[in-house]
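Take a look at the letters that make up each chain.
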Amino acid sequence: MDFNEWEPIYESILNDMGFSREGDEQAAHILSDMLNSSNSADLSELKILIEGKDILVCGNAPVLAQDLELVNPKDFVIIAADGATAVLVDREIIPDIIVTDLDGDVEKEIIANKAGSIIVVHGHGDNIDKLNNFVPQLNRIIGSTQASPLDNVFNFGGFSDGDRCAYLAKELGAASITLVGFDFDDENVDPIKKKKLKWARLLIEKLNK
Ligand SMILES: Nc1ncnc2c1ncn2[C@@H]1O[C@H](COP(=O)(O)OP(=O)(O)OP(=O)(O)O)[C@@H](O)[C@H]1O
Ligand SMILES: Nc1nc2c(c(=O)[nH]1)N=C(CO)CN2
Ligand SMILES: [Mg+2]
């Protein structure tokens, strides 16, 4: 997504959530420095996977398991948002792509990544410890940021893991995007998650316009 278009939305999110842009920028630089030709995937690999394809974006709402019964995963290229990866791996489904800020069940993400999933690792001001911990255990990485993009750290648009999956799919030319495992009205979440889901709903609505 063009950063000029994203920046005002990003500033509103920072204000609303109380996050720091400097923190996000620092994380993007740390992530950038950790990436090299042997642990990274090329953007062209992601594009080949997504362009012209029917994409299934899996969010991690409790309805995910139920929603998965209603589709044939084999009909889609699958993008898993963070914790949704574990739900898929437990069903012996390896997502084609994982989009994560590494605060879900990362052990399952490492298993899927070893089995071939490209992993879009998002750096932000509150996960620098996770970047340091887990990036050395991953391969086929694409770097991601919600702040200004760098050469090897992309901003596809979106904020929470789930809406970032959808923005990635749109940016790289998906033919269609089907969402499963999204419940923006989930009451069994803490207040911070509730706010994140409010932004997720708004960003996904914006994507559909
Ligand atoms: N009811 C829901 N509960 C949790 N996630 C949801 C829900 N509905 C949609 N999602 C999407 O699924 C994504 C992955 O969920 P998960 O619980 O793994 O998020 P998370 O990584 O803990 O959250 P975050 O990193 O966004 O704080 C979320 O980022 C969100 O966009
Ligand atoms: N600074 C900051 N940025 C985020 C955070 C977070 O907790 N802190 N959580 C996100 C959810 O995926 C996405 N972006
Ligand atoms: Mg996460």
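Report follows, based on the coordinates. As the structure is a prediction and not an experimental result, all values here were calculated from the model.

Brief notes about the side chain of Glu-109
Item 1. The residue Glu-109 is located in helix H6 (residues 106–114) in this model.
Item 2. We note that Glu-109 is buried and unpaired, the nearest opposite charge coming from Arg-164 at a distance of 10 Å.
Item 3. With sequence-adjacent residues up to four places away left out, Glu-109 is seen in contact with Asp-82, Gly-83, Thr-85, Ile-98, Thr-100, Leu-102, Gly-104 and Ile-119.

With respect to the pattern of salt bridges
Opposite charge on two side chains makes pairing possible when the charged atoms of those side chains draw close.
Item 1. Following the criterion strictly, the structure yields twelve salt bridges and no others.
Item 2. Measuring nitrogen to oxygen at the nearest pair gives 3.1 Å for the salt bridge that ties Arg-21 to Glu-25. Residue Arg-21 and its partner Glu-25 are located together in helix H2 (residues 21–34), separated by four residues, close to a single helical turn.
Item 3. With relative accessibility at 28%, the residue Glu-25 sits in the partly exposed group.
Item 4. Here Glu-187 and Lys-194 are joined by a salt bridge, their closest N and O atoms 3.3 Å apart.
Item 5. Several salt bridges share partner residues, and in doing so they unite Glu-7, Glu-11, Arg-21 and Glu-25 into one network.

Remarks on the site of ligand 1
Item 1. Lining the immediate surroundings of ligand 1 are 19 residues, of which Asp-82, Gly-83, Ser-160, Asp-161 and Lys-196 lie closest.
Item 2. Backbone polar atom of Gly-162 to an oxygen atom of ligand 1: 3.1 Å apart, as the coordinates give it.
Item 3. When isolated, ligand 1 has an accessible area of 580 Å², and the protein chains bury 90% of it.
Item 4. Mapping ligand 1 onto the cavity grids shows that it belongs to the largest pocket.
Item 5. Elements represented by at least two residues in the shell around ligand 1 include exactly helix H8 (161–171) and helix H9 (191–208).

Quick look at the site of ligand 2
Item 1. If you check the shell around ligand 2, you find Phe-19, Asp-24, Asp-101, His-124, Gly-125, Asp-126, Gln-146, Phe-159, Ser-160, Asp-161, Arg-164 and Lys-196 and nothing else.
Item 2. Between ligand 2 and the protein, one listed contact pairs an oxygen atom with a backbone N or O atom of Asp-161 at 3.5 Å.
Item 3. In the model, a nitrogen atom of ligand 2 is placed 3.1 Å from a nitrogen or oxygen of the Lys-196 side chain.
Item 4. Taking 330 Å² as the accessible area of ligand 2 by itself, protein coverage stands at 93%.

Let's talk about the layout of surface pockets
Item 1. Considered as a void within the structure, the largest pocket measures approximately 700 Å³ in volume.
Item 2. Contributing to the lining of the largest pocket are 38 residues, with Asp-103, Ser-160, Asp-161, Lys-193 and Lys-196 lying nearest its centre.
Item 3. Elements with a minimum of two residues in the lining of the largest pocket: H8 and H9.
Item 4. Looking at the lining of the largest pocket residue by residue, the class counts come to eleven nonpolar, 13 polar and 14 charged.

Let's talk about the pairing of strand S5 (residues 141–145)
Item 1. Of all five residues making up S5, five are buried, and the element is well covered by its neighbours.
Item 2. The alternating pattern of S5 places Ile-141, Gly-143 and Thr-145 on one face and Ile-142 and Ser-144 on the opposite face, and all of these are buried.
Item 3. Where strand S4 (residues 118–123) and S5 come together, five bridges link them in parallel fashion. Bridged to Gly-123 within S5 is Thr-145.
Item 4. Assessed by its sense of winding, the connection that carries the chain from S4 through helix H7 (residues 128–134) to S5 is right-handed.

Observations concerning the coordination of the magnesium ion (ligand 3)
Item 1. Protein-derived ligands of the magnesium ion (ligand 3) are Asp-82 (OD), Asp-101 (OD), Asp-103 (OD) and Asp-161 (OD), with the metal-ligand distances lying across 2.0 to 2.1 Å.
Item 2. Viewed at the metal, the six donor atoms of the magnesium ion (ligand 3) are separated by angles of 78 to 175°, and the geometry they form is octahedral.
Item 3. Sequence spacing among the residues donating to the magnesium ion (ligand 3) works out to D-x18-D-x1-D-x57-D. Placement of Asp-103 in the loop between strand S3 (97–100) and H6 and of Asp-161 in helix H8 is noted, with a sequence separation of 58 residues between them.
Item 4. Owing to a relative accessible area of 46%, Asp-103 belongs among the partly exposed residues under this scheme.

Conventions adopted
- Residues numbered from 1 in each chain as written.
- Chains lettered and ligands numbered in written order.
- Predicted model: local features only at pLDDT ≥ 70, side-chain atom pairs only at ≥ 80, totals over all residues.
- Heavy atoms only, no water.
- Helix = DSSP H or I, 4+ residues; strand = E, 2+ residues; numbered from the N terminus.
- Buried < 20%, exposed > 50% of the residue type's maximum accessible area, 1.4 Å probe, protein only.
- Lys, Arg positive; Asp, Glu negative; His and termini not counted.
- Salt bridge = Lys/Arg side-chain N within 4 Å of Asp/Glu carboxyl O.
- Contact = heavy atoms within 4.5 Å.
- Near = heavy atom within 4 Å.
- Polar contact = N/O pair within 3.5 Å; in protein donor to acceptor, adjacent residues only side chain to side chain.
- Areas by Shrake-Rupley, 256 points an atom, 1.4 Å probe, with all protein chains shown as cover.
- 1 Å grid on protein atoms, 1.4 Å probe; cavity = no way out; pocket = protein on both sides within 12 Å on 5 of 7 lines; lining within 4 Å.
- Sits in = over half its atoms within 2 Å of the grid points.
- Points joined across faces, edges and corners; volume = space filled by probe spheres on them.
- Nonpolar A, V, L, I, M, F, W, Y, C, P; charged D, E, K, R; others polar.
- Pairing = 2+ DSSP bridges.
- Right-handed = clockwise from strand over helix to strand, strands pointing away.
- Donors = N, O, S within 2.8 Å, 3.2 Å for Na, K, Ca; no water.
- Tetrahedral: all angles 85-135°; square planar, octahedral: opposite > 155°, others 65-115°.

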